[in-house]
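Each chain, letter by letter, is given below.
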Amino acid sequence: MDAASSISAKTSESPTGASPGASHSELATAIRALSMDAVEAAKSGHPGMPMGMADVATVLFTRFLKFDPARPDWPDRDRFVLSAGHGSMLLYSLLYLTGYADMTIDELRNFRQLGSRTAGHPEYGHASGIETTTGPLGQGLGNAVGMALAERVLAARFGDKLVNHHTYAIAGDGCLMEGISHEAASLAGHLRLGKLIVLFDDNGISIDGPTSLSVSDDQQARFAAYGWHVQAVDGHDPEAIAAAIAAAQETEQPSLIACKTIIGYGAPTKAGSAKTHGAALGAAEIAGAREKLGWPYAPFVVPDEILGAWRRAGSRGAPAATAWEKRLAECDGKTRSEFKRRIAGELPKNWTEGLAALKRTAIAEAPEIATRVASQRAIEALVPYLPELVGGSADLTGSNNTLVSDQIAIGPGMFAGSYVYYGVREHAMAAAMNGLALHGGVIPYGGTFLVFTDYCRPSIRLSALMGQRVIYVMTHDSIGLGEDGPTHQPVEHLAALRAIPNLNVFRPADLVETAECWEVAIATRDRPSVLALTRQAVPSLRRDGSENLSAYGGYIMAPADNARQVTLIASGSEVAIAMAAQTLLAADGIAAAVVSLPCWKLFQAQPAHYRDEVLGPGSLRVGIEAAGAFGWDTWLAPDGAFVGMSGFGASAPAESLYEHFKITPQAVVDAVKARL
């Protein structure tokens, strides 16, 4: 008897505890059948993981997970994250079986087809019950840490009568091999996120074959070292799985349950091998699996008795959701309205008052400060109005200027604060911020150096793909950081970030612009933002703050004195260079306008007539930025000039570097005269 057959004898008569009328084995086999049928229909996908984890998922969804398909956005539902997103048919099958209205059998039939809700990897927003976009391995684990953190932060504010739920994640061998898993698990263990439960699909298989080809880690010992509660179970024994989840719910530590499974469980010749991981099983193997699993039904057919049992399992959370709605209704009006506002992601009516006052002060005092310091002043102006702000930094708090006096730190088991010391964990910070935003009720921001967006980039990309309001405070944005040298001086990073769709990259020039960029970032609910900020002090340039000009993406900072011959276009610290160059050119009788371009995407979204008004058709255009030229042709074509970087930086004081790399007012003047 093979391993799959021997284990099936153990599971076939196990009760579900929630779904009378069908055995555990029948419920789990429905998942396996739908998964292999959908992958076969698409001739593409990953059947092995859903077939292997069907028993674990069945126990979780029928006995433990708190959810209500009729109210998929119930704020106090448990969150379920499929970190091993390649096994997406596991999630889609569960959503269909438990009765989510928008996950129909036709959606399963259309798996991986254009326009379907059932994308190759789960995509947030495509269907109810998909809590996050996963696929890049380990990202879901980082998101789950953020969700679990959001739950604790909101529970500290609103109490456990309104906020008291778990975050569950299924992670595979690949998720735990990815470096982000170390950062995320270490952070969760440190913070003692006891409502986080990770179900590890310990099947010992990756695409290349047995995981023994590439890894020898003792994952259980590893997570125990992080401070996690660790258990190991037979992933095909429903009672052992249930006992482990029940034990995990009682601990104050995050939990890892290593579920020993057989990938492709039930496939007669391919089970337990990489052949089931990432390809359709084929008609003959599926026929054999149907026979072995005792599933004689046609593709995509689930008998009424089994489907009915699943639907009853899906409806068991309705009384809890109704009771929660009653508790919310019984709260005092102020608490109830504040909770609803924060969960809805809405902003208080007066939230911009602090920023408006800051802008007035900036114009009156004209301080010469770094834009990272300006950003800190903007945060100080926002925090009293936005208690949902949860900030942090990857061990660079004093450099990023991300902490203000009104904030207190979140720590192990202490969640009443609003600031996270993420440690040197840039990738986990970014992924956790996605989880914070996805959970709802908080607006996350976090800081590191702009050059280290390379460590955050996969998560930044997913922020943009999911349309989440996550704010990345990225300081030390150019050679202007000085002596730390080319390892820390971003050159290509602005271009790389600007290339990401649905991401606003802001590079403000002074305190007024910084406040305006923060205002846009907070107000934009469906898009993340990067704030690229200087280490070095910059002069105050704006003389009027009555309108948020940065919201246009670009505007005329200083018009030409006479008929415009030249348009100087700059961002950030180089706007001051453009202003100085304008003065030099005027002395030589050359009329130039200065355009500040803090956000390319917002400027691109403006009407053509506005862009023309700003850029001055027929004028010579010169771009100025202490970064690479890639992308600047958009604004400078056909015959403009660029003053900036053409290679890596160097270690020296900032002033010396600007002179050395010829990013100066005189260099701008020379470029103009060479072309007029």
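Parameters and conventions
- Residues numbered from 1 in each chain as written.
- Predicted model: local features only at pLDDT ≥ 70, side-chain atom pairs only at ≥ 80, totals over all residues.
- Heavy atoms only, no water.
- Salt bridge = Lys/Arg side-chain N within 4 Å of Asp/Glu carboxyl O.
- Helix = DSSP H or I, 4+ residues; strand = E, 2+ residues; numbered from the N terminus.
- Buried < 20%, exposed > 50% of the residue type's maximum accessible area, 1.4 Å probe, protein only.
- pLDDT = per-residue confidence, 0-100.
- Contact = heavy atoms within 4.5 Å.
- Lys, Arg positive; Asp, Glu negative; His and termini not counted.
- Axes fitted to C-alpha atoms, helices over the stretch in contact; angles between N-to-C directions.
- Parallel < 35°, antiparallel > 145°, perpendicular 65-115°, else oblique.
- Left-handed = near helix turned anticlockwise from the far one by under 90°.
- Nonpolar A, V, L, I, M, F, W, Y, C, P; charged D, E, K, R; others polar.
- Pairing = 2+ DSSP bridges.
- Expected span 1.5 Å × (residues − 1).
- Phe/Tyr/Trp six-rings, centres within 6.5 Å; stacked < 30°, edge-to-face > 60°.

A. Structural context of the pattern of salt bridges. Applying the stated criterion to the full structure yields 23 salt bridges. Of the charged contacts in the structure, one is a salt bridge between Arg290 and Asp37, with a shortest N-O distance of 2.8 Å. Linking Arg290 in helix H11 (residues 283–293) with Asp37 in helix H2 (residues 24–42), this pair joins segments that are 253 residues apart in sequence. Each member of the pair, Arg290 as well as Asp37, carries the same accessibility label: buried. Overlapping salt bridges, with partners in common, bring together Asp477, Arg498, Arg507, Glu574 and Glu625 in one network.

B. Geometry of the confidence of the model for the protein chain. Per-residue confidence for the protein chain gives a mean pLDDT of 96; residues scoring 70 or more make up 97%. Within the model, the stretch residues 1–19 combines pLDDT values under 50 with 44 contacts to residues more than four positions away or in other chains.

C. Examining the side chain of Asp173 more closely. Within the element layout of this structure, Asp173 appears in helix H7 (residues 173–177). Buried and without a salt bridge, Asp173 has Lys260 as its closest oppositely charged side chain, separated by 7.0 Å. Beyond its immediate chain neighbours, meaning those up to four positions away, Asp173 contacts Phe200, Asp201, Asp202, Asn203, Gly204, Ile205 and Thr211.

D. Molecular detail of the packing of helix H15 (residues 353–365) against helix H16 (residues 371–382). Between H15 and H16, whose axes approach to 7 Å, the crossing angle comes to 140 degrees. With respect to each other, H15 and H16 are oriented oblique. For the crossing formed where H15 meets H16, the hand is right-handed. Contacts between H15 and H16 involve Gly354, Leu355 and Leu358 from the former and Arg377, Ala378, Ala381 and Leu382 from the latter. Taken together, the residues of the contact of H15 with H16 sort by class into five nonpolar, one polar and one charged.

E. Fine view of the sheet that holds strand S12 (residues 443–449). The strand order across the open sheet formed by seven strands is S10-S11-S9-S12-S13-S15-S14, and the pairing between neighbours is parallel. Of all strands in the sheet, those with a lone pairing partner are strand S10 (409–410) and strand S14 (504–506), marking the two edges. Sheet analysis places S10 next to strand S11 (residues 419–421), joined by two bridges and oriented parallel. Along S11, the bridge assignment pairs Ile410 with Val420. Against the sheet, helix H19 (residues 453–466) makes contact with S12 and strand S13 (471–475), and its axis sits at roughly 155 degrees relative to S13, the strand it touches most.

F. Focus on the environment of Glu346. Relative to the helices and strands, Glu346 resides in the loop between helix H14 (333–344) and H15. For the pair Glu346 and Glu613, spaced 267 residues apart in the sequence, the C-alpha separation amounts to 34 Å. Aside from chain neighbours lying at most four places away, what touches Glu346 is Arg341, Glu388 and Arg525.

G. Quick look at the packing of H2 against H11. Axis separation between H2 and H11 bottoms out at 11 Å; the angle between their running directions is 170 degrees. On the basis of their axis angle, the class for H2 and H11 is roughly antiparallel. Within the contact between the two elements, H2 uses Thr29, Arg32, Met36, Asp37 and Glu40 and H11 uses Ala283, Ile286, Ala289, Arg290 and Leu293. Along the lines of polarity and charge, the residues of the contact of H2 with H11 split into five nonpolar, one polar and four charged.

H. View of H15. Under the 1.5 Å per step criterion, the end-to-end length of H15 is 18 Å for 13 residues, consistent within 8% with the ideal 18 Å. The inward-facing, buried residues of H15 contact H16 and helix H21 (511–523). Once H15 finishes, Ala366 follows within two positions and takes phi at roughly 45 degrees, a positive value.

I. Representation of the packing of aromatic side chains. Throughout the structure, instances matching the rule amount to 19 aromatic pairs. A centroid spacing of 5.2 Å and a plane angle of 85 degrees characterise the contact between Phe61 and Phe80, whose relative ring orientation is edge-to-face. Here Phe61, found in helix H3 (residues 48–64), pairs with Phe80, found in strand S1 (residues 79–82); they are 19 residues apart in sequence, far enough to count as distant. By the burial criterion, Phe61 is buried, and Phe80 matches it. Ring geometry for Trp632 against Phe642: centres 5.7 Å apart, planes inclined by 40 degrees, an arrangement best described as tilted. With a gap of 10 residues between them, Trp632 in the loop between strand S20 (620–628) and helix H25 (633–636) and Phe642 in strand S21 (residues 641–645) connect regions that are remote in the sequence. For Trp632, a relative accessible area of 0% corresponds to the buried category.

J. Representation of the environment of Ala515 in the model. With respect to the helices and strands, Ala515 occurs in helix H21. Sequence separation between Ala515 and Leu141 is 374 residues, and the spatial gap between their C-alpha atoms is 34 Å. Beyond its immediate stretch of four places on either side in the chain, Ala515 contacts Leu355, Leu358, Lys359 and Ala378.

K. Structural view of the pairing of strand S6 (residues 229–234). Summarising the sheet, S6 and strand S7 (residues 255–260) pair through six bridges and their orientation is parallel. By the bridge assignment, Val233 is partnered in S7 with Cys259.

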